[in-house]
Amino acid sequence: MLGIFKKVIDGNQRHVNRLAKRAEQIEALSSQIGALSDDQIREKTADFQQRYQNGESLDSMLVEAFAVVREAAKRVLGLFPYKVQLMGGISLHEGNISEMKTGEGKTLTATMPVYLNAITGKGVHVVTVNEYLASRDAGEMGRLYEFLGLTVGLNLNSLSREEKQEAYYADITYSTNNELGFDYLRDNMVLYKEQMVQRPLHFAVIDEVDSILIDEARTPLIISGSAQKSAALYIQANAFVRTLKQEEDYTFDVKTKSVQLTEDGMSKAERAFGIENLFDIAHVGLNHHINQALKAHVTMHNDIDYVVDDGKVVIVDQFTGRLMKGRRFSDGLHQAIEAKEGVEIENESMTLATITFQNYFRMYEKLSGMTGTAKTEEEEFRNIYNMHVIVIPTNRDIARDDRADLIYKSMEGKFLAVAEDIAERYAKGQPVLVGTVAIETSELLSNILKRKRIPHHVLNAKQHEREAEIIENAGQIGAVTIATNMAGRGTDIKLGEGVKELGGLAVIGTERHESRRIDNQLRGRSGRQGDPGVSQFYLSMEDELMRRFGSDNMRAMMERLGMDDTQPIQSKIVTRAVESAQKRVEGNNFDARKQLLQYDDVLRQQREVIYKQRFDVLDSDNLREIVEQMILATIRRVVEVNTPREELDEDWNLKAVIDYLHGNLLEEGDVTEEQLRGQDPQEMIELIFAKVKERYDEKEALLPDEEMREFEKVVVLRSVDSKWMDHIDAMDQLRQGIHLRAYGQTDPLREYQFEGFAMFENMVAAIEEEVSKYIMKAEIRQNLERQEVAKGQAAVHNSDDSAPAKKKPKVKHLDVGRNDPCICGSGKKYKNCCGKEQA
């Protein structure tokens, strides 16, 4: 009866039983597939591809395809997947997470679902935590795929665009999570469709899935750079605008707060800056600076819209009158006000593109992953990625002895006990792997061992290749290895000769991590494939986790009992208390990641809209229809703002409409106030739009079709990119200060959603207006070229993987030439100043 009840409750067992039946079907084909020649096995790939093209599903081919890979692995790699590996592979193909213990052969397990899904020709990504593992697995498993007639690509940070394209267009691509995310962002900044490197995201298998989708999920990927905003140009534009007179050089509409240069104003600007045509596409930046300087002088007022506090321009909230420190006006307006007020113009780096791993990986049609430890985070995997965690049984029973924690009164007592334990095991030749939470702990322990003259290696998750080599040898007789918990992840520790007789690998933890998963990873380094082993954690009342979660009572009890530093407590009750503390911390961390995702979802929806429109621009041969829609939207906005329904016809501001049209879309006299008078707003819009289309036709007639189409693309791309980058930056500023709204009894997330949506709508309107203005007003030159609005490049600043420190965004910075002026402002060349340190 109890057995039936257990089966009903244990959903995992149901999955395991189902997978086992399917694995038996694969095993049953073993002799049939084994009888085929190498060439016949290779022909199977073309056969599967043909069947898929003819409409057969991958599921119906799974048993046969897995059996083919299994046989090929035996011939090429000398490895024959066990039944549990077949089960893990089926689970991956279904889009789940296969939890398989260390040493169970996850890398080989992945080959079967990767092969099956590569049959589609849509590309499969195998994702690893570092480039060393990506290169290693692509080399080893690549032999198997190539034997089966599939192509394999390796995507590294150092590759050129052409090499990356080749890697992504292979049937199977090995890469790191960082590189995939950065390539996606860079693809949405290219100027020609042919420069994109990624294909649509189809299927990914993530190795060490908990590390990538949980530990790294608080770390957004950011490409940032200086958007070429020159402080000097803001100052020049500011000085020029001070010379202008209202009505003569510019018009100002109080109601809509819009400012337009008149024909005289434009001529003045051209003379002042020594240019022929302010609307030449080469002067987009200058025109923008002049417009923002005008806005700063005419529409923005000190002590009303902003204040100058301690040499900085601080925005005043128009509704509450509060100072909004940390917020900045977007689109260069803030810098224009700084120039107006004579304070330092802050030219900080801008965020050009950003995405979180959660939102990147959720774009795949199907996602799966494998790790030794995922069950503790099952709720998060299910809620955020819609993946179930299936615990795959081990091939052999685990023989490792997991001992109850030893708890000492002080940290000093704990480390002396750890060193003593290591010394005893080293004396008899038993290999020891010591796990630490932080680098400082590793160094402290290393110094104690040096005093005891015990040779050892110290690893801290920084040199992946060397670490993998050391970790591989950590199971040899007499080896002592101190490693932060993440060091050498993804590498198997095989026991040396005679080590089994000594009790196998001893794993010693010097502290409990705030996540049970990380502790389980450390334990799982020992006792692979039924090998003997032992794991022991040493804790002290001064450990961070113990301090945070009420160790005072226990400490007092130890003192009452007169226990000194040499007598530990070994108690299941204490171990359970520690685990419940870890659960609380895990819950807090989950909430933090969930909140990050909720905020990023606002930007995700906007990013999808912009990236799709941007791709449509790159992909389209003729943008006239898109541009006309933008012009129509701009005309509609101008007319509706100046002809409100609640006002009488004679109170409508038709002069403002005409001023706008002359400044941005048409020549003087094309449309007059008299023509608009007596018309309803819709008739006005139609009349103006018809005139704009006439002008558009005239412009088209002056140029070969190819040049006109390229001109449209240049204008649209430049406008979309510059406004989008400003918008991301403004959203970033908003995000940083939004939590303060909680003090005003409002929900910061709702406020962020509302304000973010309003800012997005304003950005779309700004894009439409700028495109309309330049398409209609700019003179077209023969040698038009698409230009990047800003140069950015991605680099990763990682804190030590193991440290529970606050995660930093993964960012980039711009390169400085050796002969450029130094960025510190000294006036010297970079190579003779700060660049000396780099040499």
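Residues numbered from 1 in each chain as written. Predicted model: local features only at pLDDT ≥ 70, side-chain atom pairs only at ≥ 80, totals over all residues. Heavy atoms only, no water.

**What to know about the overall build of the protein chain**
Of regular secondary structure, the protein chain possesses 31 helices and 22 strands. Residues classed as buried in the protein chain amount to 55% of the 839 residues present. Sequence separation of at least 24 residues holds for 74% of the intrachain contacts in the protein chain that already meet a minimum separation of 6. Split by element, the accessible area of the protein chain, about 38,000 Å² in all, is 49% carbon and sulfur. (Helix = DSSP H or I, 4+ residues; strand = E, 2+ residues; numbered from the N terminus. Buried < 20%, exposed > 50% of the residue type's maximum accessible area, 1.4 Å probe, protein only. Contact = heavy atoms within 4.5 Å. Areas by Shrake-Rupley, 256 points an atom, 1.4 Å probe, with all protein chains shown as cover.)

**Let's talk about the environment of Gln476**
With respect to the helices and strands, the residue Gln476 is situated in the loop between helix H20 (464–472) and strand S19 (480–484). Since its relative accessible area comes to 34%, Gln476 is described here as partly exposed. Residues Gln476 and Gly496, 20 residues apart in the sequence, show an inter-C-alpha distance of 4.4 Å.

**Looking at the sheet that holds strand S2 (residues 124–128)**
Strand order in the open sheet made by the 7 strands is S3-S4-S2-S5-S13-S1-S14, with parallel pairing throughout. Both outer strands of the open sheet, strand S3 (152–154) and strand S14 (389–391), are each paired with one neighbouring strand and no more. Direction aside, neighbouring strands of the sheet carry axes that sit 20° apart on average. Where S2 meets strand S5 (residues 203–207), 4 bridges bridge the pair, whose relative direction is parallel. The partner of Val126 across the bridge, within S5, is Val205. (Pairing = 2+ DSSP bridges. Axes fitted to C-alpha atoms, helices over the stretch in contact; angles between N-to-C directions.)

**What about the packing of helix H7 (residues 106–118) against helix H8 (residues 131–147)?**
Where H7 meets H8, the closest approach of the two axes is 11 Å, and the angle between their N-to-C directions is 55°. Looking at the two axes, H7 sits oblique to H8. Handedness of the H7/H8 crossing: right-handed. Side by side, H7 and H8 meet where Thr107, Ala110, Thr111, Val114 and Tyr115 of the first sit next to Arg136, Asp137, Met141, Leu144 and Tyr145 of the second. Broken down by class, the residue content of the contact of H7 with H8 amounts to 6 nonpolar, 2 polar and 2 charged. (Parallel < 35°, antiparallel > 145°, perpendicular 65-115°, else oblique. Left-handed = near helix turned anticlockwise from the far one by under 90°. Nonpolar A, V, L, I, M, F, W, Y, C, P; charged D, E, K, R; others polar.)

**Points about helix H30 (residues 748–777)**
The end-to-end C-alpha distance of H30 is 42 Å, a good match for the 44 Å that 30 residues give at a rise of 1.5 Å each. Measuring from the side-chain oxygen of the N-cap residue of H30 to the backbone nitrogen of Leu749 gives 3.1 Å; that N-cap residue is Asp747. (Expected span 1.5 Å × (residues − 1). Polar contact = N/O pair within 3.5 Å; in protein donor to acceptor, adjacent residues only side chain to side chain.)

**Observations regarding helix H4 (residues 38–53)**
Its 16 residues give H4 an end-to-end C-alpha distance of 24 Å, which sits within 8% of 22 Å, the value for a rise of 1.5 Å per residue. Looking at the buried positions of H4, the neighbouring elements they touch are helix H3 (30–34), helix H5 (58–76), H7 and H8. After H4 finishes, the residue Gly55 shows a positive phi value of roughly 105°.

**Brief notes about the confidence of the model for the protein chain**
Per-residue confidence for the protein chain gives a mean pLDDT of 83; residues scoring 70 or more make up 85%. Under a pLDDT of 50 for its full length, residues 4–9 has, in the predicted model, 2 contacts with residues more than four places off or in other chains. Ignoring residues within four places in sequence, the model shows residues 811–816, a span with pLDDT below 50, making 24 contacts including any to other chains. (pLDDT = per-residue confidence, 0-100.)

**A short note on the pattern of salt bridges**
Counted according to the given criterion, the structure contains 54 salt bridges. In this structure, the salt-bridge partner of Glu698 is Arg695, at a minimum N-O distance of 3.0 Å. Residue Glu698 and its partner Arg695 are both found in helix H28 (residues 681–701); the two are separated by 3 residues, about one turn of the helix. Owing to a relative accessible area of 41%, Glu698 belongs among the partly exposed residues under this scheme. (Salt bridge = Lys/Arg side-chain N within 4 Å of Asp/Glu carboxyl O.)

**Quick word on the nonpolar core**
Counting residues in hydrophobic clusters, the biggest one holds 111 residues, and the most contacted among them are Leu213, Phe361, Phe381 and Ile688. Examining the composition of this core, we find that 12 residues originate from one element, helix H29 (residues 705–737), more than from any other. When neighbours within four sequence positions are excluded, Phe381 is seen to be in contact with Ile97, Val209, Asp210, Leu213, Ile214, Ala374, Asn386, Met387 and Val389. Of all hydrophobic cores here, the second largest spans 52 residues; its members include Ala73, Leu144, Phe203 and Ile390. (Core = buried A, V, L, I, M, F, W, Y, C linked by side-chain atoms within 4.5 Å.)

**Concerning the pairing of strand S21 (residues 532–540)**
The element S21 is extensively covered by neighbouring structure, given that 8 of its 9 residues are classed as buried. In terms of strand pairing, strand S15 (residues 399–402) meets S21 through 4 bridges, oriented parallel. Looking at S21, one finds that Ala399 is bridged to Pro532. Here strand S16 (residues 406–408) runs beside S21; their pairing, made up of 3 bridges, is parallel. Counterpart to Tyr408 in the pairing with S21 is Ser540.

**Describing the side chain of Thr643**
Its location among the elements puts Thr643 in the loop between helix H25 (624–642) and helix H26 (654–664). A distance of 2.6 Å separates the side chain of Thr643 from the backbone oxygen of Val639, its partner in a polar contact.

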